[in-house]
Amino acid sequence: MTSQELFSLDKLRHEIARYFSIVNPIEAGVTKIEFEGPRIAIYTRNPEVFSNRDQIAKDLVTLIKKRIVIRPDESIRAPKEVLESRIKEAIKGVQALIFNELIGEVVVELTPTVKPPSDDEVKKFSAETGWVIRVEMQPPMQTKTIEKANNIIYGYPEERLQALRRIGEKVFRNQVFETKDAVITILGSGMQVGRSAILLQTNESKVLLDCGFSPGGTRNIEMIPRFDIMEDLVNELDAVVITHAHLDHMGMVPYLFKYDYRGPVYCTEPTLPLMLMQQLDFINVAGKEGVFAPYTERDVRTAIQHTVTLSYGVVTNITPDIRITFYNAGHILGSAIIHIHIGEGFHNVIYTGDFKFENSRTLDAAVYKFPRAETLIMESTYGATPVQFTREESEQLLANYIKQTIERGGKVLIPVPAVGRAQEIMLVLNHLFSTGMIPEVPVFLDGLVIEATAIHTAFPSYLGRELGGRIEELGNVFMSEYFTAVRSQQQRDDILNMEGPMIIMATSGMLEGGPILTYLREFASDDRNMLIFVSYQVEGTLGRKLLKGVREFSIIDETGKTELVNVKLEVVKVDGFSGHSSRQQLLSYLRAFKPKPRKLILVHGEPDAVTSLAKSASKVLPNTRIYTPQNLESITLESKS
Ligand SMILES: [Zn+2]
């Protein structure tokens, strides 16, 4: 081990002192140095250092190669009341102020209609008051989830700071073991769609990439990733990294916390509220159906308290020998491809999670160029079935199905996963209505769709180029006049009794619970109605069964009785809207991917999809070794050189 790999607070103090004596000879006034998750917080009582903190932090990052944040010592902060009245005086449209007194930061929330102050104005104001000021626009649509997330994170600052300190101790500990080996073990998503979970181990670190469950599984051994591979996994794990907020990728995170995992969970900013929303809903739905949920709301809150968000493109050390960077995956809002840098140039792994290699109405296509990559772990969902239709053709096909149903006096049911497909289809329907491609009929949105859409409007910078530029009108872009949100059981009953054509979009996307079942039960017996699938149906789910031609299923009604439902309505699917890459797109991704990987590991596909994709991939990448692992299989990564 070289001395360079050693790192400690003492060494850091020394480096900082050296910087302030040689590079930038001013009085540093450092009062405290602390770990703050994957960052190091330096507190200063010198107002000059505080007001030049961006430049100084940048210099220090170059010097120390760790993420640094400079915070104001209490002695230079204006009293909270003074700050509050001055902010309200100087900035227009303040809706809320969230103080974090422990770190000297205040979040200023503005109404979406006002023009926010310029960066320079904020900087000046911050220098005058000795507080870090973050201005955030309130989303044009109200979201309870973001409020809840803020409450969990900011409402208990002591707990949050303690969690961040513990995380920092893991990140910045001295490296004990040399990085000589790295091993990838598939705990879930090997030859299957569902329960994504991949363990990456070096001699020094253990990191879990994704932590989901299987929507189609009925028994624990089928639902939960193979955590049983390691006796003391929760204590040995250094970090959990989540690619995106779908339950088959993050649904088991709170379960780790239930069993006392207290390390970090890394994800992008939008992933955090989307994850919170769906995990709570999962518990809620399970409760209603009398199914045992594998964790409680308390575990969900603890998990959020340990979650650290990272923006795309920010390189972050998560253990002494592992650095990660997130890139856009084009799958759903905030979805990420993870670049994992192991050791000092020892090996680089790219894990795609779910990704779409094509622009959609909501998002830009996935990133395919990386600084380094020796191993590519790629999803294979549509590896076997070429999609026959382009995006435009799919929109036309959807329009035809809807028109046909309306003309025969039927109702259209579109099951959607709350996050991703729902927003995409909303934009498509908007387009079809406004161009007259389908007649205007009421569209009802039920389940988590509205809340998920509201969260989309809160993160314009994560949306595709075309949409992100329309920040002011985002609320209207999604929630146009065509849509009605269903907010009560009464309203639902009214809709069920309504005559005439309509379109209903509701969760869950695979008919595994949620309000969609209420509508399906009611509409199933009428052959004028149509059920249109627009997303992947996992093996074992009711959605998949109906697609395969099953025309009878049982449902548990409000009184707890089992009811047999006969399916007479027409069942169709339109594949082109998927958030996953088609078979052609998976292969074009391999062609475009830079640099050429030495190893390709195919996961997240049913056996025929993985096998068929592997065969074609070997022609695209003749010099790449291709793996199609089962769950519990391991692959060893060797040094780059
Ligand atoms: Zn997904």
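Provided above is the structure to which this section pertains.
Here the structure is a predicted model, which means the values were calculated and not measured.

Parameters at a glance
- Residues numbered from 1 in each chain as written.
- Predicted model: local features only at pLDDT ≥ 70, side-chain atom pairs only at ≥ 80, totals over all residues.
- Heavy atoms only, no water.
- Pairing = 2+ DSSP bridges.
- Helix = DSSP H or I, 4+ residues; strand = E, 2+ residues; numbered from the N terminus.
- Axes fitted to C-alpha atoms, helices over the stretch in contact; angles between N-to-C directions.
- Contact = heavy atoms within 4.5 Å.
- Buried < 20%, exposed > 50% of the residue type's maximum accessible area, 1.4 Å probe, protein only.
- Salt bridge = Lys/Arg side-chain N within 4 Å of Asp/Glu carboxyl O.
- Parallel < 35°, antiparallel > 145°, perpendicular 65-115°, else oblique.
- Left-handed = near helix turned anticlockwise from the far one by under 90°.
- Nonpolar A, V, L, I, M, F, W, Y, C, P; charged D, E, K, R; others polar.
- Donors = N, O, S within 2.8 Å, 3.2 Å for Na, K, Ca; no water.
- Tetrahedral: all angles 85-135°; square planar, octahedral: opposite > 155°, others 65-115°.
- Phe/Tyr/Trp six-rings, centres within 6.5 Å; stacked < 30°, edge-to-face > 60°.

Undergrad: Explain the sheet that holds strand E15 (residues 336-342) to me, please; I cannot follow it from the model alone.
TA: Each strand in a sheet pairs with its neighbour through backbone hydrogen bonds, running either in the same direction (parallel) or in the opposite one (antiparallel). Spatially, 7 strands are ordered E13-E14-E15-E16-E17-E26-E27 in an open sheet, and the strand pairing comes out mixed. Unpaired on one side and paired on the other, strand E13 (316-319) and strand E27 (625-627) mark the two borders of the sheet. In this sheet, adjacent strand axes meet at a mean angle of 25 degrees when their direction is disregarded. Note: E13 against strand E14 (residues 322-328), 3 bridges, orientation antiparallel. Residue pairing across strands places Asn317 opposite Arg323, the latter belonging to E14. In the packing of helix H22 (residues 583-592) onto the sheet, contacts are made with E15, strand E17 (375-379) and strand E26 (599-603), and the angle to E17 comes to roughly 165 degrees.

Undergrad: I would appreciate a short explanation of the environment of Lys11 in the present structure.
TA: By the element assignment, Lys11 lies in helix H1 (residues 9-23). Take Lys11: its relative accessible area is 34%, and that puts it in the partly exposed class. C-alpha of Lys11 to C-alpha of Ile64: the two residues are 53 residues apart in sequence and 9.8 Å apart in space.

Undergrad: So what exactly am I meant to see when it comes to the sheet that holds strand E3 (residues 67-72) here?
TA: In spatial order, the strands read E1-E2-E3; together these 3 strands make up an open sheet with mixed pairing. Both outer strands of the open sheet, strand E1 (30-36) and E3, are each paired with one neighbouring strand and no more. Pairwise comparison of adjacent strand axes, ignoring direction, gives a mean angle of 25 degrees for this sheet. Alignment of strand E2 (residues 39-44) against E3, held across 6 bridges, turns out to be parallel. Following the sheet pairing, Tyr43 is matched in E3 by Arg71. In this fold H1 packs onto E1 and E2, with an angle of close to 130 degrees to the strand it touches most, E1.

Undergrad: What is the right way to read the pairing of E15 from this model?
TA: Along a regular strand, successive side chains alternate from one face of the sheet to the other. By the criterion of burial, E15 is predominantly enclosed, with 7 of the 7 residues buried. Of the two faces of E15, the one holding Ala336, Ile338, Ile340 and Ile342 and the one holding Ile337, His339 and His341 are both buried throughout. Sheet analysis places E14 next to E15, joined by 7 bridges and oriented antiparallel. Paired with Ile322 across the strands is Ile342, a residue of E15. Bridge analysis of E15 against strand E16 (residues 347-351) gives 5 bridges, and the strand direction is antiparallel.

Undergrad: Sorry, what's going on with the pattern of salt bridges here?
TA: Where charged atoms of side chains with opposite charge meet at close range, the side chains can pair. In this structure the tally under the stated criterion is 33 salt bridges. Put simply, Asp228 and Arg226 hold a salt bridge, and the shortest N to O gap is 3.0 Å. Here Glu539 and Lys548 are joined by a salt bridge, their closest N and O atoms 2.8 Å apart. Note on Lys548: relative accessible area 55%, which makes it exposed.

Undergrad: Sorry if this is basic, but what is going on with the packing of helix H19 (residues 489-497) against helix H20 (residues 516-523) here?
TA: Between two packed helices, both the angle of their axes relative to each other and the distance between the axes serve to describe the pair. With their axes 11 Å apart at the nearest point, H19 and H20 run at an angle of 25 degrees to one another. For the element pair H19 / H20, the angle class is roughly parallel. Judged by the sense of rotation from one axis to the other, the crossing of H19 with H20 is right-handed. The residues of H20 that touch H19, namely those facing Arg492, Ile495 and Leu496, are Thr518, Tyr519, Glu522 and Phe523. Grouping the constituent residues of the contact of H19 with H20 by class yields 4 nonpolar, 1 polar and 2 charged.

Undergrad: Can you help me understand the coordination of the zinc ion in this one?
TA: In a perfect tetrahedron of four donors around a metal, the angles come out at 109.5 degrees. In a perfect octahedron of six, they are 90 or 180 degrees. The protein atoms that coordinate the zinc ion are His244 (NE2), His246 (ND1), His331 (NE2) and Asp354 (OD), at distances of 2.2 to 2.3 Å. Note that the zinc ion binds 4 donor atoms; their angles at the metal cover 90 to 167 degrees, and the shape is irregular. Expressed as a motif, the donor residue spacing for the zinc ion is H-x1-H-x84-H-x22-D. One end of the pair, His244, is in the loop between strand E10 (239-241) and helix H10 (247-250); the other, His331, is in the loop between E14 and E15, with 87 residues separating them in the sequence. For the pair His244 and His331, one class covers both residues: buried.

Undergrad: Is there a simple way to explain the packing of aromatic side chains in this structure?
TA: The geometry of an aromatic ring pair comes down to the distance between the two centres and the angle between the two planes. Summed over the entire model, instances satisfying the criterion amount to 19 aromatic pairs. Ring centres of Tyr312 and Tyr462 lie 4.9 Å apart, and the angle between their planes is 55 degrees; this geometry places the pair in the tilted category. Of this pair, Tyr312 sits in the loop between strand E12 (307-309) and E13 while Tyr462 sits in the loop between helix H16 (449-457) and helix H17 (465-468), placing them 150 residues apart in sequence. Take Tyr312: its relative accessible area is 25%, and that puts it in the partly exposed class. Centroid distance Phe370 to Phe593: 5.5 Å. Interplanar angle 35 degrees. Geometry classified as tilted.

Undergrad: Can you walk me through the packing of helix H14 (residues 391-407) against helix H15 (residues 421-434) in this structure?
TA: Packing of H14 against H15 leaves a shortest axis separation of 11 Å and a crossing angle of 70 degrees. Here H15 runs roughly perpendicular to H14, going by the angle between their axes. The segment H14 lies against H15, with Arg391, Glu395, Leu398, Ala399 and Ile402 engaging Glu424, Val428, Leu429, His431 and Leu432. For the contact of H14 with H15, the class distribution of residues is 6 nonpolar, 1 polar and 3 charged.

Undergrad: Looking at this structure, I do not really get unusual backbone geometry. What am I missing?
TA: Outside of glycine, negative phi angles account for most residues, and trans bonds account for most peptide bonds. In this structure, Ser508 follows Thr507 across a cis peptide bond, with omega equal to 5 degrees. Tracing the backbone through its elements, the reader meets Ser508 in the loop between strand E21 (503-506) and H20. Positive phi outside glycine occurs at Lys65, with the angle close to 60 degrees. Structurally, the position occupied by Lys65 is in the loop between helix H3 (53-64) and E3.

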